[in-house]
Amino acid sequence: MLPAMSDDGDRTEQGPARSILGPGGEASIDPADLGLKEEDLRELYRLMVLSRKADLEATALQRQGQLAVYPPLLGQEAAQVGSAFALQDEDFIFPSYREMASAIVRGVDVVGYLLFHRATWHGGMFDPNEHRFGVVSVPVGSQTLHAVGYAMGTKLDGKPACTLVYFGDGATSQGDFHEACNFAAVFRAPVVFFCQNNHWAISVPFERQSVAPVYRKAEAYGFPGIQVDGNDVLAVYQATREAAERARTEHTPTLIEALTYRLGPHSTADDRTRYQPAEQIAEWEGRDPIVRYRRFLESTGAGDEAFFSACDDEANTEATRIREGVIGAGPRPLEELFEWVFADMPEHLRRQRDEVLGRGEG
Amino acid sequence: MAELTYREAVAHGIAQEMRRDPSLVMLGEDVGPAGGVFTPTEGLIEEFGPVRIRDTPISEQALVGAAMGAAMTGIPVIAEIMFSDFVAVCWDMIANEIAKTRYMTNGQVSLPLVIRTANGGSARFGAQHSQSVENWAMMVPGLKVVAPSTPADVVGLLAGAVRDPDPVLFFEHKGLMGSKGEVPDGEVVDELGTARVVREGTDLTIAALALMVPRALLAAERLEGDGISAEVIDVRSLVPLDARALLDSVSKTGRFFTVEENPRLCGWGAELVSIVDEEAFWSLDGPSVRITTPHIPLPAAASLEDLALPSADRIYETVSKSVDLGSRR
């Protein structure tokens, strides 16, 4: 029998994470110092609102049987939007499977993205090279290594670009993560390791993944580690921008741990109330990243009621488009079953295709 | 023509491709100044430098995962896994990621990647350094699988693998490293998915791979002394497989034998036998017979390893007995 979780104690050190926005939206620094213009500040809000609505729509589509399964990002909008927004066009993102908000920032069409979850396509119907946003990675943590290799490749090309990889707190228990950190440090790969510590790996709390905070693991590999308030979009933006710049110019990796919280289930297949304590949920609901950021925009005058409702209207219109697009997406042509296994179809696959599709000579 | 050893041919082949394509890089453990534990990469770091010939941390999952990421940027990459047994350490990358990337991206992401590895037994390295694992790779859709038996094939098939748009597992055989053969001058490029008839014969067909090819040839010579004419086919490439070459041979000879170093269960020969059974059954004069390593971990003891791996003697005896039985019926 497993020892009770309480036996482990709460040994995890949660240092004072970097933040800019207070609970009421008051900023500790002038956003202009972050290089953010007023329209950028509004864009961050717009992207978070669009992401939340798209995410809720995706969950609803799953509940209605239109998607096979979906991993909600509810509560993690600031961590994803703030980090993706801090990158430049030529930078590349490797996602895990919960970064639809980052995909939205990169201009990926949500309908195409959700075809993976609709189970009509294997990996999301979008071009990873065009959006510089990699294919959804389901084995936990493997994408950290792809990111390191990609970063090494861009460095060989002499391009001033960085590669950012998303993963969760659970992935930090995987060997891949540690091998990736070590590899990146040894080869000075221009990579940003972005951990969204949402406190839960399906039903297992962060305390069962690690005693040390995630960001401190960077020290062992020899590069900076930063803990940031993941529900503070400005702090996430600032930390990511610094890390990306360090990657591009100094070829030094950074590990960012963004403290956030999953306000939905791991995926639409589990019930989070079986493991997330009600008081913890309430506490984090009180730290809603969009509510907090809206207060900031209101207090600085960067956003007014007309802007907020325009964002809501746009998000609602987009949600309708997503719904129609997803429901309208029919099955893929049967011939595609055999496409793209190899660049050119070998003889044995041609024969198997003909057999399965009933095109044999008989 | 120059006579090279198999291990020299590896470096020769890599150098040929690195001179042709300045973007080609290689990652591996001890591939730099050491030249590889079997010295197949000797001299490369001197010519191409430590950026293109890169020693990595001892981290197979990382070096293969990073090779995949680097290949995604469009550059061709060679990753070396020191012993093929260790592909098990990075099998997630190979089987779940690399093999499926083209498929999962709707054909939009290509991985021009070659994973080279020292495969097979006969060196007394025991259970964790001697396995023939080409059948593991063959089972995964999306991977190409190549295993050369001669220095010329090493150069040509390696060049074919590097230039192939799909990920290729390239199995170099530890037991062949010191063997010699002629390699043509100039650029050598061979086509993946082509078998070669290395000995013509009329009475029976023996399909073999890598170290089993010279052993099958020895057995064929002895059979010739008994008046039995054996055709030996070097399969060379398991995926794609040159099924046509096998079927043409079997339609001529009427008997089919495989010589496999991988353990018996689900060895590659089972697939070949099933193809022959389905498509050349009416040409067969007797059952197809597989000569394999038994379904055991490989022992380190010389006497036991010699017993386990198919030897020229065992090939000869098995084929003779099977042919005798057939003629007595």
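Residues numbered from 1 in each chain as written. Chains lettered and ligands numbered in written order. Predicted model: local features only at pLDDT ≥ 70, side-chain atom pairs only at ≥ 80, totals over all residues. Heavy atoms only, no water.

A. Structural context of the side chain of Thr254(A). Mapped onto the elements, Thr254(A) comes out in strand S7 (residues 254-259). Contacts of Thr254(A), omitting those with residues within four sequence positions, involve Val191(A), Val192(A), Phe193(A), Phe223(A), Pro224(A), Ile226(A), Ala243(A) and Arg246(A). (Helix = DSSP H or I, 4+ residues; strand = E, 2+ residues; numbered from the N terminus. Contact = heavy atoms within 4.5 Å.)

B. Looking closely at the interface of chain B and chain A. If you look at the interface, chain B gives 41 residues, while chain A gives 42 residues. When the buried area of chain B at its contact with chain A is split by residue, Tyr103(B), Met104(B) and Asn106(B) rank highest and sum to 21% of it. Where chain B meets chain A, there are 1 salt bridge. Between Glu279(B) and Arg351(A) there is a salt bridge whose closest N-O contact spans 2.8 Å. The interface formed by chain B and chain A holds 11 residue pairs in polar contact (both at pLDDT 80 or more) in total. When residues in the side of chain B that touches chain A are grouped by element, the largest group, 10 residues, is from helix H3 (residues 60-72) of chain B. When its residues are assigned to classes, the side of chain B that touches chain A shows 20 nonpolar, 12 polar and 9 charged. (Buried area = accessible area lost by both parts, 1.4 Å probe. Salt bridge = Lys/Arg side-chain N within 4 Å of Asp/Glu carboxyl O. Polar contact = N/O pair within 3.5 Å; in protein donor to acceptor, adjacent residues only side chain to side chain. Nonpolar A, V, L, I, M, F, W, Y, C, P; charged D, E, K, R; others polar.)

C. Just the sheet that holds strand S4 (residues 77-83) of chain B, in detail. All names here are of chain B. If you trace the 7 strands from one edge of the open sheet to the other, you get S3-S2-S4-S5-S7-S6-S12, paired in mixed fashion. What marks the edges here is a single partner per strand, and that holds for strand S3 (53-55) and strand S12 (237-239). Direction aside, the axes of adjacent strands within the sheet are offset by 20° on average. Here 6 bridges tie strand S5 (residues 113-119) to strand S7 (residues 168-173), and the two strands are oriented parallel to one another. The partner of Ile115 across the bridge, within S7, is Leu169. Here helix H2 (residues 44-52) sits on the sheet in contact with strand S2 (25-28) and S3, set at roughly 65° to S3. (Pairing = 2+ DSSP bridges. Axes fitted to C-alpha atoms, helices over the stretch in contact; angles between N-to-C directions.)

D. Main features of the nonpolar core. Of all hydrophobic cores here, the largest spans 147 residues; its most connected members are Phe193(A) and Ile206(B). A total of 9 residues in this core trace back to one element, the largest contributor, which is H3(B). For Ile206(B), the contacting residues outside a window of four places in its chain are Ala216(B), Ala230(B), Glu231(B), Val232(B), Ile233(B), Phe257(B), Val259(B), Ile315(B) and Val319(B). Among the nonpolar cores identified, the runner-up in size contains 66 residues, and Leu44(A), Ala54(A), Phe116(A) and Ala244(A) belong to it. (Core = buried A, V, L, I, M, F, W, Y, C linked by side-chain atoms within 4.5 Å. Buried < 20%, exposed > 50% of the residue type's maximum accessible area, 1.4 Å probe, protein only.)

E. Just the domain arrangement of chain B, in detail. Residue and element names in this part refer to chain B. As assigned here, chain B comprises domain 1 (2-183) and domain 2 (196-324). Carbon and sulfur atoms supply 58% of the area that domain 1 and domain 2 bury against each other, a total of about 2,100 Å² over both sides. Summed over the shared surface of domain 1 and domain 2, the result is 4 salt bridges. Here domain 1 and domain 2 share 15 residue pairs in polar contact (both at pLDDT 80 or more) between them. At the level of elements, helix H6 (134-138), strand S6 (144-146) and helix H7 (151-163) are the ones that each hand at least two residues to the side of domain 1 that touches domain 2. Across the side of domain 1 that touches domain 2, the residue classes tally to 11 nonpolar, 11 polar and 4 charged. (Domains from an automatic or database assignment.)

F. Looking closely at the domain arrangement of chain A. According to the domain assignment, chain A contains domain 1 (14-21 + 30-331) and domain 2 (334-362). Just the C-alpha atoms count here: the centres of domain 1 of chain A and domain 2 of chain A sit 38 Å apart.

G. Layout of the packing of aromatic side chains. Counted according to the given criterion, the structure contains 25 aromatic pairs over all chains. With a centroid separation of 5.6 Å and an interplanar angle of 70°, the aromatic rings of Phe94(A) and Tyr150(A) are classed as edge-to-face. In this pair, Phe94(A) sits in strand S1 (residues 92-94) while Tyr150(A) sits in helix H6 (residues 143-156), placing the two residues 56 residues apart along the sequence. Through a chain of ring-to-ring contacts, the aromatic side chains of Phe167(A), Phe177(A), Phe193(A), Tyr221(A) and Phe223(A) assemble into a single cluster. One residue, Arg222(B), lies across the ring of Tyr316(B), its end atom 4.0 Å from the ring centre. (Phe/Tyr/Trp six-rings, centres within 6.5 Å; stacked < 30°, edge-to-face > 60°. Lys NZ or Arg CZ within 6 Å of the ring centre and 35° of its normal.)

H. Spatial organisation of the confidence of the model for chain A. Averaged over all residues, the pLDDT of chain A is 93; the fraction at 70 or higher stands at 95%. Note on residues 1-12 of chain A: pLDDT is under 50 here. Beyond four places in sequence and across chains, it has 11 contacts. (pLDDT = per-residue confidence, 0-100.)

I. Representation of the sheet that holds S7(A) within the structure. All names here are of chain A. Strand order across the open sheet formed by 5 strands is S1-S2-S3-S7-S6, with parallel pairing between neighbours. One side of each edge strand has no neighbouring strand; the edge strands of this open sheet are S1 and strand S6 (225-229). Within this sheet the neighbouring strands show an average axis-to-axis angle of 20°, counted without direction. In this sheet, S7 lies alongside S6 in parallel orientation, the contact comprising 5 bridges. Its bridge partner lying in S7, Ile226 is registered against Ile256.

J. Expanded view of the packing of helix H12 (residues 289-300) of chain A against helix H13 (residues 305-328) of chain A. Residues and elements named next belong to chain A. Orientation of H12 relative to H13, taken along the N-to-C sense of each, is 145°, at an axis distance of 10 Å. The segment H12 lies against H13, with Arg294, Leu297 and Glu298 engaging Glu305, Phe307 and Phe308. Its residues assigned to classes, the contact of H12 with H13 shows 3 nonpolar, no polar and 3 charged.

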